[in-house]
2 protein chains.
Amino acid sequence: MIQVTIIGSGNVAQHLISAFSKSTVVEIAQVYSRHKTILHPVIPIDKIVNDFSLLRKVDLYIIAVTDDAIEQVAHQLPFENELIVHTSGSVAMEALGTKNRIGVFYPLQTFTKDKAVNFKDIPMCLESGDEKDYPILEKIAQSISDHVFNINSEQRKAIHVAAVFVNNFVNNLYQIGNEICLENNVPFDILKPLITETASKIMTLDPVAAQTGPAKRNDQKTIDKHLDFLQNKLHKDLYKQLTQSIQQSNGKKL
Amino acid sequence: MIQVTIIGSGNVAQHLISAFSKSTVVEIAQVYSRHKTILHPVIPIDKIVNDFSLLRKVDLYIIAVTDDAIEQVAHQLPFENELIVHTSGSVAMEALGTKNRIGVFYPLQTFTKDKAVNFKDIPMCLESGDEKDYPILEKIAQSISDHVFNINSEQRKAIHVAAVFVNNFVNNLYQIGNEICLENNVPFDILKPLITETASKIMTLDPVAAQTGPAKRNDQKTIDKHLDFLQNKLHKDLYKQLTQSIQQSNGKKL
């Protein structure tokens, strides 16, 4: 079996450990963690190390640590010419240095502690510094995901920015919806079927075709009523800008 | 069976016709449509009228027309003291006039032509001018939906504004994600599992707890990189404002 070592014990590391533990192609050789106790229960204690000098030689080292720590961790590794990858959407592959063969192993998903995800559905964005290393990365990724993509650093940068819009910013709009409900004595639950349907529509429709609402219809009367209703300045400004953005996207299609 | 007449032939009217056609409690007596040909196939031709004077007496008339046309249609109805409702989230109940008993029958969902929805899951927001009329509205709504709410006009106004945020504006963020992908030669499909998971998380987590990303982490380095990446001024402005909005929501919780 292919031997993989995970460096890190955060959300991404834990979800990778969980995914690889079901694989019949890849075996987790070791896990590096500063805090042994918080690790995934499938890893026996003798496979957990907290000293880089105890890392054994394996086929791939996956550095799943926070963005800021990637460069430092890569620098501290006490070996050369091995294959190491990081898992970040926003850090350049080159942050891994020149001592080892480098690559990126970026799962495009939002990971929440204690919420299981089906790794098979997660797009894996792969990149390798040397194309000779790509096939092994691909084989390892395919052992846990059905959606593996060869993505260069420029494309990955775009994906990460786009992901902020469709994930982080969308969640903030849910939060604003929640606040408006709370302030007006309406249960947020009433919006949940609409949230589900809005996400579901986009699976089969182009976002421009899926667009509905007062901005799309240029229904200025309703837009004015809504702006009049909103008291929070930030919400009012966002309403104006997103309305303008819809009208612009819509105009583009015509 | 309870007799209901639908006035209108747009998306909402068509979805209501489809939902009532499966009900064992409610029967569609007639449908008023200016354009007979585009109606739902379950309605026999002799039940379709295009003249208000041909409307028979029924238990409820549902006016499912565009917001701007509601007042005019209600005014044209050639009868008095019957129960009439509109289906709009943003029009006051009083737009229906004083000639008839009035109410609101607002399905909180985004309807797309030719895309089926499961009406059972759609929250129905009901209001009646006279509380004696509420039970029949409730019975009719419960015949097609499992989620029926008594919602007054102020609450409905709030729901409609909140719905614009979690539906229309969220869809626009999908569209921006799509544009960023297209411009950088990345398939939009790569974002779809993330979109699904983001919506799914909110079913069980509070939006503040579900928030992730650079804005939440106050990761200014990544925020600056993303702003530098974005060329479209509107996208850049939205990025800044939504980042600020996340940081404000986050601050509230701390």
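No experiment lies behind these values; they were computed from the predicted model shown.

(A) View of the interface of chain A and chain B. Contacts between the two partners involve 94 residues from chain A and, on the opposite side, 94 residues from chain B. At the boundary of chain A with chain B, total buried surface from both sides reaches about 8,500 Å², with 66% on carbon and sulfur atoms. Among the ionic pairs, Lys221 of chain B bridges to Asp68 of chain A, the shortest N-O distance being 3.6 Å. Viewed at the interface, chain B and chain A are joined by 24 residue pairs in polar contact (both at pLDDT 80 or more). For the side of chain A that touches chain B, the elements supplying multiple residues, two or more each, are β7 (123–128), α4 (153–183), α5 (192–201), α6 (207–210), α7 (220–229) and α8 (233–253) of chain A. With 27 residues, the top contributor of residues to the side of chain A that touches chain B is α4 of chain A. Each residue belonging to the side of chain A that touches chain B can be placed in one class, and the counts come to 45 nonpolar, 32 polar and 17 charged.

(B) Quick look at the sheet that holds strand β8 (residues 147–150) of chain A. Residues and elements named next belong to chain A. Spatial strand order, β3-β2-β1-β4-β5-β6-β7-β8: eight strands in an open sheet with mixed pairing. What marks the edges here is a single partner per strand, and that holds for β3 (48–49) and β8. When β7 meets β8, the two strands line up parallel, connected through four bridges. Note that in β8 the partner of Pro123 across the bridge is His147. α4 contacts β5 (83–86), β6 (101–107), β7 and β8 of the sheet and is inclined by roughly 25° relative to β6.

(C) Spatial organisation of the relation of the copies chain A and chain B. Superposition of chain A onto chain B requires a rotation of 180° combined with a translation of 0.0 Å along the rotation axis, giving an RMSD of 0.0 Å. Within this description, the copies of the chain are treated as partners about a two-fold rotation axis. Distance from the rotation axis, computed per C-alpha, reaches its smallest value in chain A at Val170 of chain A: 2.8 Å. A shared interface surface links the copies, since 100% of the contact residues of chain A are contact residues in chain B too.

(D) Quick look at the packing of aromatic side chains. Enumeration over the complete set of coordinates arrives at 14 aromatic pairs over all chains. Geometrically, the ring pair formed by Tyr239 of chain A and Phe169 of chain B is edge-to-face, given 5.0 Å between the ring centres and 75° between the ring planes. Remark: Phe169 of chain B occurs in helix α4 (residues 153–183) and Tyr239 of chain A occurs in helix α8; the pair is interchain, linking two chains. In terms of burial, Tyr239 of chain A and Phe169 of chain B fall into one category: buried. Members of the aromatic cluster, each reached through a chain of ring pairs, are Phe165 and Phe169 of chain A together with Tyr239 of chain B.

(E) Inspection of the pattern of salt bridges at higher detail. Across all of its chains, the model carries 18 salt bridges over all chains by this definition. Residue Arg156 of chain A pairs with Glu127 of chain A through a salt bridge whose shortest N-O separation is 3.2 Å. Taken together, the residues span a long stretch of sequence, with Arg156 of chain A in helix α4 and Glu127 of chain A in strand β7 at a distance of 29 residues. Judged by relative accessible area, which is 2%, Arg156 of chain A ranks as buried. Residue classification places Glu127 of chain A among the buried residues on the basis of a relative accessible area of 10%. Between Glu154 of chain B and Lys157 of chain B there is a salt bridge, with its nearest N and O atoms 3.3 Å apart. Pair noted here: Glu154 of chain B and Lys157 of chain B are both in helix α4, with a separation of three residues, about one helical turn. Residue Glu154 of chain B is classed as partly exposed on the basis of its relative accessible area of 46%. Residue Lys157 of chain B is classed as partly exposed on the basis of its relative accessible area, which comes to 37%.

Here is what the cut-offs are and how they apply
- Residues numbered from 1 in each chain as written.
- Chains lettered and ligands numbered in written order.
- Predicted model: local features only at pLDDT ≥ 70, side-chain atom pairs only at ≥ 80, totals over all residues.
- Heavy atoms only, no water.
- Contact = heavy atoms within 4.5 Å.
- Buried area = accessible area lost by both parts, 1.4 Å probe.
- Salt bridge = Lys/Arg side-chain N within 4 Å of Asp/Glu carboxyl O.
- Polar contact = N/O pair within 3.5 Å; in protein donor to acceptor, adjacent residues only side chain to side chain.
- Helix = DSSP H or I, 4+ residues; strand = E, 2+ residues; numbered from the N terminus.
- Nonpolar A, V, L, I, M, F, W, Y, C, P; charged D, E, K, R; others polar.
- Pairing = 2+ DSSP bridges.
- Axes fitted to C-alpha atoms, helices over the stretch in contact; angles between N-to-C directions.
- Least-squares fit on C-alpha atoms with pLDDT ≥ 70 in both.
- Phe/Tyr/Trp six-rings, centres within 6.5 Å; stacked < 30°, edge-to-face > 60°.
- Buried < 20%, exposed > 50% of the residue type's maximum accessible area, 1.4 Å probe, protein only.

Note that all results are geometric; they support no functional claim without further evidence.
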